[in-house]
Amino acid sequence: MIEIRVHGRGGQGNVVAAYLLAMAAFEENRYGQAFPNFGAERRGAPVMAFVRIANKPIQRRNQVLTPAFLIIQDQALLQVPGVMDGLLPEGKILVNSSLSSSVLANKLGRDVISLPAAALAKQILGRPVPNTALLAAFFTLSGILSLESLAKVLSKRFKGPVLEKNLLLIEQAAKEVPANVWQTVQEEKHVTSA
Amino acid sequence: MLQALEGSQAVAQAVALCRPQVIAAYPITPQTHIVENISKLVADGQLHCEFVSVESEFSAASVVLGAALAGSRAYTATSSQGIILMAEVLFNISGMRVPIVMTCANRAISSPLSIWNDQQDSMSVRDAGWIQLYCADNQEAVDSTIQAYRIAERTELPVMVCMDGFTLTHTLEGIDIPTQKQVDKYLPPYQFSRTLDPRHPITLGTLVSPDFYTEARHSHHQALLNAQAEIVAADQEWFTLSGRRSGGLLTVEGPEQAKVAILSIGSVIGTLRSALEEIPPAQPVKLIKLRSFRPFPADMLRAACQNLDDVIVLERALSPGSGGIVGVEVLSALAELPNPPRVHSFAAGLGGRDIPLEILPRLLKVLSEPTDHRFRLIDLELEKLPIEDR
């Protein structure tokens, strides 16, 4: 089972990102579970959502406390207490940032890949919503799920020009990161069920 | 068809498949997006029914009461403060023995204000005379919603389908949505036996003198007890049609020889299942999933527990000044056994506190402690309280 935590701010499409991840797993005949950690939602407030992907039915419904991956939609959240909590020692971080991966990796002492997702989204969608670009990068880096599945689930969630621009965005975002460099982390734990 | 859906979306689809004719709901917090999704189906012309947005949950319950009495299949949903505001009408609905289905997206009650999950809301109206079914996952929420109409219409009792707020309602997962054909076969058109008709006037919910009130209450009580058979039959019949069960009155999982059982209710069951695999306990442990809280399946519970040494009850509600609500009922039912197991009563996860897998060893720790029936909030963090409140 792969556990992922998505951190963002209200209005950045945090819950949608988590749902899209689980939907993509479902597209590939795997089991997916996604749920938000609701707080007092308002624009700009730190929010998080949880995702599990497994090859067996997922029974547990507790929060993801020890994620293998963090997807962070705002680099400032890296300094917010609790955001990095529980990340597995070999865990990876994907962050929407204008800073380079190496600068962030040095600062945090962890495996970090950065992507200027908001800037890319601003350019292609006209709005700085980083979620779909980050997902495309995450799928490419981890190889957990295919970009085709992401495109498929996007077409279930969006229509018309919004969909077309998002499809363009994920294609572009995927080119910005190396493929399959995070593949080792996704090995399934040896448990009989999730 | 298997689809990746949020629990609320899935329940909205399940409700639509039941062909309700009147839906009334208060559209604002603490409402969930179940009715929002249903209102979309109505607005898009996919569901032909009267959708009444009302100004309060009291009105929502009143509208579905009237609609059902006028012969409609009716539905409403609420949670938290909403169900408390409905309370008066809930008693009226059940007292008049009107078949209505309602989803309660279980959430905490204020104050202090909390929007998060626990089961205090539906537990607070456990005595309202409704059938209460608790769902362990979203598939059960979908299937139980459909079963609820059949149970309600056959017993002439209202049914509350309780699903954990957020933990289920806002969780996206793979959910099998049955076909219209399956549901139509399971739920034929229904005619309420006491549909109001001006040509044949009857009185319902009238003043009853002390000469007959006790008998009316007895008959209501008996109807709920008798509903047990209908709940089991509804689940069995649905299994024949869909290949899925929701767990009848209660289900027992785990090793036959186990002398210890954990009994719980709602979505924490899944977390306990994972915990039993990932943190294997020293001795075999059974899991008892209580689905029907009203009627309370005392006989079936006794049969399930007769050879046990310990039953650990974990629930998500609290009766201040007493303790566990489910815990007391379990203790009372098992007391009739010749060698009753020890019952340990715990609550956790109040107001949305996460229940992690580590809850399992904490629950089982009670077995090595001296016998102690005192109720405890097992995830209480005492250091957060001033000394005098500990």
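Residues numbered from 1 in each chain as written. Chains lettered and ligands numbered in written order. Predicted model: local features only at pLDDT ≥ 70, side-chain atom pairs only at ≥ 80, totals over all residues. Heavy atoms only, no water.

**Re unusual backbone geometry**
- For the peptide bond that leads from Ser 111 of chain B to Pro 112 of chain B, omega is 5°, which places it in the cis range.
- Here Pro 112 of chain B is to be found in the loop between β5 (101-106) and α5 (120-124).
- Looking along the chain, the bond that leaves Arg 294 of chain B and enters Pro 295 of chain B is cis, with omega of -5°.
- Positionally, Pro 295 of chain B belongs in the loop between β12 (292-294) and α10 (298-305).
- Despite not being glycine, Asn 180 of chain A has its phi angle at roughly 60°, a positive value.
- As for its position among the elements, Asn 180 of chain A is in the segment after α6 (160-175).
- For Asn 180 of chain A, a relative accessible area of 38% gives the class partly exposed.
- In this structure, Phe 166 of chain B takes a positive phi of about 65° despite not being glycine.
- Of note, Phe 166 of chain B is situated in the loop between β7 (159-164) and β8 (172-176).
- Residue class for Phe 166 of chain B comes out buried when judged on its relative accessible area of 13%. (Helix = DSSP H or I, 4+ residues; strand = E, 2+ residues; numbered from the N terminus. Buried < 20%, exposed > 50% of the residue type's maximum accessible area, 1.4 Å probe, protein only.)

**Some points on helix α4 (residues 131-142) of chain A**
Residue and element names in this part refer to chain A.
- For α4, with 12 residues, the first-to-last C-alpha span of 16 Å sits near the 16 Å given by 1.5 Å per residue.
- Most of α4 is tucked away, with 12 of its 12 residues classed as buried.
- Three or more residues of α4 are buried, namely Asn 131, Thr 132, Ala 133, Leu 134, Leu 135, Ala 136, Ala 137, Phe 138, Phe 139, Thr 140, Leu 141 and Ser 142. (Expected span 1.5 Å × (residues − 1).)

**Re the pairing of strand β5 (residues 92-96) of chain A**
All names here are of chain A.
- The element β5 is largely enclosed, with a buried count of five among its five residues.
- One ladder, built from four bridges, connects strand β4 (residues 69-72) with β5; its direction is parallel. The partner of Ile 71 across the bridge, within β5, is Leu 94.
- As paired elements, β5 and strand β6 (residues 111-115) share five bridges and run parallel to each other. By the bridge assignment, Val 95 is partnered in β6 with Ser 114.
- In this view, the connection linking β5 to its parallel neighbour β6 by way of helix α2 (residues 101-108) has right-handed handedness. (Pairing = 2+ DSSP bridges. Right-handed = clockwise from strand over helix to strand, strands pointing away.)

**Describing the domain arrangement of chain B**
Residues and elements named next belong to chain B.
- Domain annotation of chain B identifies domain 1 (2-242) and domain 2 (253-389).
- Relative placement of domain 1 and domain 2: their C-alpha centres are 28 Å apart.
- Among the residues of domain 1 in contact with domain 2, Met 123, Arg 126 and Tyr 134 are the three that bury the most area, contributing 24% of the side total.
- On the surface where domain 1 and domain 2 come into contact, there are two salt bridges.
- With its nearest N and O atoms 2.9 Å apart, the salt bridge here joins Glu 140 to Lys 289.
- Counting across the interface, domain 1 meets domain 2 through 14 residue pairs in polar contact (both at pLDDT 80 or more).
- Secondary structure elements with two or more residues in the side of domain 1 that touches domain 2: α5, β6 (131-134), α6 (138-155) and α8 (210-242). (Domains from an automatic or database assignment. Buried area = accessible area lost by both parts, 1.4 Å probe. Salt bridge = Lys/Arg side-chain N within 4 Å of Asp/Glu carboxyl O. Polar contact = N/O pair within 3.5 Å; in protein donor to acceptor, adjacent residues only side chain to side chain.)

**Topic: helix α5 (residues 147-157) of chain A**
All names here are of chain A.
- Looking at α5, one finds that the buried residues are Ser 149, Leu 150, Val 153 and Leu 154. One face of α5 carries all of its buried residues, which in axial projection span an arc of 135°.
- Contacts made by the buried residues of α5 are with α1 (14-27), α4 and α6. (Arc of directions from axis to C-beta. Contact = heavy atoms within 4.5 Å.)

**Overview of the nonpolar core**
- One finds Leu 301 and Val 330 of chain B to be the most contacted residues of the largest nonpolar core, which totals 53 residues.
- With seven residues, helix α3 (residues 57-69) of chain B is the largest single contributor of residues to this core.
- Split by domain, this core shows at least three residues from each of two domains, domain 1 (2-242) and domain 2 (253-389) of chain B.
- Setting aside anything within four residues of it in sequence, one finds Val 330 of chain B in contact with Leu 263, Phe 296, Leu 301, Val 311, Val 313 and Val 343 of chain B.
- Core analysis: the second largest hydrophobic core is formed by 49 residues, Ile 2, Leu 145, Val 177 and Trp 182 of chain A among them. (Core = buried A, V, L, I, M, F, W, Y, C linked by side-chain atoms within 4.5 Å.)

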